[in-house]
Protein chains: 2
Amino acid sequence: MSSTAAEVEAVLAALGDPTRRRTFELLAEHGPTTATVLAPMLNISRQAVAKHLVVLADGGLALSERVGRETRYRVVPARLDLVVAWSDRTRALWSRRLDRLGGSDGSR
Amino acid sequence: MSSTAAEVEAVLAALGDPTRRRTFELLAEHGPTTATVLAPMLNISRQAVAKHLVVLADGGLALSERVGRETRYRVVPARLDLVVAWSDRTRALWSRRLDRLGGSDGSR
DNA sequence: GATTTGCGCAACTTAAAAGTTGCGCATGGT
DNA sequence: ACCATGCGCAACTTTTAAGTTGCGCAAATC
């Protein structure tokens, strides 16, 4: 249930690259597509896109499905919850520290 | 108000690196600290930490304050909202597509 | 005022991704 | 059967980020 550190790692690393994030967004807008279709939109080779898609899939942000001779990828938006969860957890670390200080001031 | 693409870029790129994310978390737990203090916790040189802190600051995730001869960094947890906002926006892109399809099925 | 401590600047090395190209194989169309 | 299309594998180049080391300067300490 609670996401492992490795999962968060994979997701944030995947979203760290601009081209890959753009790929993810395109996938979200267009729906299930192939690397061949995405390549011209990103102005990079099909192979480069294919690699990005594998990274996204490794991070659980996308799923691949083989349909005939094409490999269609689709986005898994639920995976973004991991990012949000991590953000909340980190914010919690911070506020917990403030609690220990007992005050209402975060500086100094 | 609405975050620019460049800002989101900077934040996600900053959080993409494991060491840098760890630095960010340490900063959240420990409160304002210097690169010198953080270095041994991360098992890397002070300079390496200093660079990470600059990247975090560029992304708005941290703020530096010069106190005497030390440079103290503190976390800006509010900046994590950008990540959450981007996640929401991307999810919206996705569901909007489903709306266009008019159906209740995301596949195909 | 001499020493210690902490930092920034800069040059460098290293390591790892991003991207390219070429090829061979499988699937679909005619 | 033949050709076209789409993909995966693999080797390679290029780019960029991560990390190190050395040095000089400014601020505390004594």
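Residues numbered from 1 in each chain as written. Chains lettered and ligands numbered in written order. Predicted model: local features only at pLDDT ≥ 70, side-chain atom pairs only at ≥ 80, totals over all residues. Heavy atoms only, no water.

Attention now goes to the relation of the copies chain B and chain A. With an RMSD of 0.1 Å, chain B superimposes on chain A once it is rotated by 180° and translated 0.0 Å along the axis. What the superposition gives is, in effect, a two-fold axis relating one chain to the other. When C-alpha distances to the rotation axis are compared across chain B, the minimum falls at G16 of chain B, with a value of 2.3 Å. Of the residues that chain B buries at the interface, 94% are likewise interface residues in chain A, meaning the two copies contact each other through the same surface. (Least-squares fit on C-alpha atoms with pLDDT ≥ 70 in both. Contact = heavy atoms within 4.5 Å.)

Turning our attention to the packing of aromatic side chains. For the structure shown, the criterion picks out two aromatic pairs over all chains. For the ring pair W86 of chain A and F24 of chain B, a centre distance of 6.3 Å and an interplane angle of 35° mean the geometry is tilted. One end of the pair, W86 of chain A, is in helix α5 (residues 80–101); the other, F24 of chain B, is in helix α2 (residues 18–30), on a second chain. Judged by its relative accessible area of 1%, F24 of chain B is buried. (Phe/Tyr/Trp six-rings, centres within 6.5 Å; stacked < 30°, edge-to-face > 60°. Helix = DSSP H or I, 4+ residues; strand = E, 2+ residues; numbered from the N terminus. Buried < 20%, exposed > 50% of the residue type's maximum accessible area, 1.4 Å probe, protein only.)

In this section: the protein's contact with DNA strand D. Near DNA strand D there are 18 residues, and of these T36 of chain A together with S45, K51, H52 and G68 of chain B occur at the shortest range. The contact atoms of DNA strand D, taken as those within 4 Å of the protein, divide so that sugar and phosphate hold 58%. One of the side-chain N or O atoms of T19 of chain B is found 3.4 Å from a phosphate oxygen in DNA strand D. The side chain of K51 of chain B places a nitrogen or oxygen atom 2.5 Å from a base oxygen of DNA strand D. Listed by contribution, the elements that provide at least two residues to the surface near DNA strand D are α4 (46–58) and β2 (70–75) of chain A together with α2 and α4 (46–58) of chain B. The element contributing the most residues to the surface near DNA strand D is α4 of chain B, with four residues. Among the residues making up the surface near DNA strand D, the classes are represented as two nonpolar, nine polar and seven charged. (Near = heavy atom within 4 Å. Polar contact = N/O pair within 3.5 Å; in protein donor to acceptor, adjacent residues only side chain to side chain. Nonpolar A, V, L, I, M, F, W, Y, C, P; charged D, E, K, R; others polar.)

Many authors give the size of an interface as the accessible area that is lost as the parts come together. Each partner contributes to the interface: chain B provides 32 residues, whereas chain A provides 30 residues. Of the roughly 2900 Å² buried between chain B and chain A on both sides combined, carbon and sulfur atoms contribute 63%. Contact with chain A buries area across many residues of chain B, yet R21, W86 and R91 of chain B alone supply 18% of it, more than any other trio. Inspection of the chain B/chain A interface yields four salt bridges. Between D81 of chain A and R91 of chain B there is a salt bridge, with its nearest N and O atoms 2.4 Å apart. Put simply, chain B and chain A have six residue pairs in polar contact (both at pLDDT 80 or more) between them. Residue assignment for the side of chain B that touches chain A shows that the elements contributing at least two residues are α1 (5–16), α2, β2 (70–75) and α5 (80–101) of chain B. Broken down by element, the side of chain B that touches chain A gets its largest block of residues, twelve residues, from α5 of chain B. Looking at the side of chain B that touches chain A, its residues break down into 16 nonpolar, six polar and ten charged. (Buried area = accessible area lost by both parts, 1.4 Å probe. Salt bridge = Lys/Arg side-chain N within 4 Å of Asp/Glu carboxyl O.)

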